[in-house]
Amino acid sequence: MPLTPMNTKSRIQAAATIFTAAVLLLGDRSAQSAPIPVLPTVGPDSGPKASATGYLVVYTDTENPINTGDIQYYPHTPYKIYNRDGTLFKSVRNHLGERDEKPARVSLPPGRYTVVGRSEAKGEVAVPVVIGALRTTVVNLEKRSHEG
């Protein structure tokens, strides 16, 4: 059987037939694969909210020992916390009583501050600090380590 060239009308009909067959095949396939459902996220949240409180502990130099008989106590000296713009945010006594040697744990909104307190080695110093939400920032102005 000899091949004859296709006229334009025949070409359009052939293309339409191929296109229709492809749509039917693909349409049938897409009917088999429904959209994938999205489940709730698993794992920890992306992070604490920015409004959550952070904490600051400053080991300042200690005061002269307080003798209560057989025991001497060394309370930490007070310090000040300044906002980023340099205004006083809070003054911290840094101990509860004369027999308290543990520095105060101060709640602060997250942000940048400057702590001004007495260092054991250098006298009064200023230390820039960053407070993160639900985190404790520790500043050590003593010679000894407070790791752990």
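See the structure above.
These figures come from a predicted structure and were not determined experimentally.

S.K.: Please give an account of the environment of Ala-104 that cites residues and values.
M.R.: Tracing the backbone through its elements, the reader meets Ala-104 in the loop between β5 (88–92) and β6 (105–108). Take Ala-104: its relative accessible area is 24%, and that puts it in the partly exposed class.

S.K.: Describe the sheet that holds strand β9 (residues 136–140), with residues and values.
M.R.: Strand order in the open sheet made by the three strands is β6-β1-β9, with mixed pairing throughout. Edge positions in the open sheet fall to β6 and β9, since each of these has one partner strand only. When strand polarity is set aside, the average angle formed by the axes of neighbouring strands in this sheet is 25°. Of the strand pairs in this sheet, strand β1 (residues 54–59) and β9 are connected by five bridges, and their pairing is parallel. In the sheet register, Val-58 faces β9, and the bridge partner there is Val-139.

S.K.: Hey, could you go over the pairing of strand β8 (residues 123–131) for me, with residue numbers and the actual values?
M.R.: Relative to β8, strand β7 (residues 111–119) is paired through nine bridges, and the arrangement is antiparallel. Each bridged residue has a counterpart across the sheet, and for Gly-117 the counterpart in β8 is Val-125.

About the cut-offs
Residues numbered from 1 in each chain as written. Predicted model: local features only at pLDDT ≥ 70, side-chain atom pairs only at ≥ 80, totals over all residues. Heavy atoms only, no water. Helix = DSSP H or I, 4+ residues; strand = E, 2+ residues; numbered from the N terminus. Buried < 20%, exposed > 50% of the residue type's maximum accessible area, 1.4 Å probe, protein only. Pairing = 2+ DSSP bridges. Axes fitted to C-alpha atoms, helices over the stretch in contact; angles between N-to-C directions.

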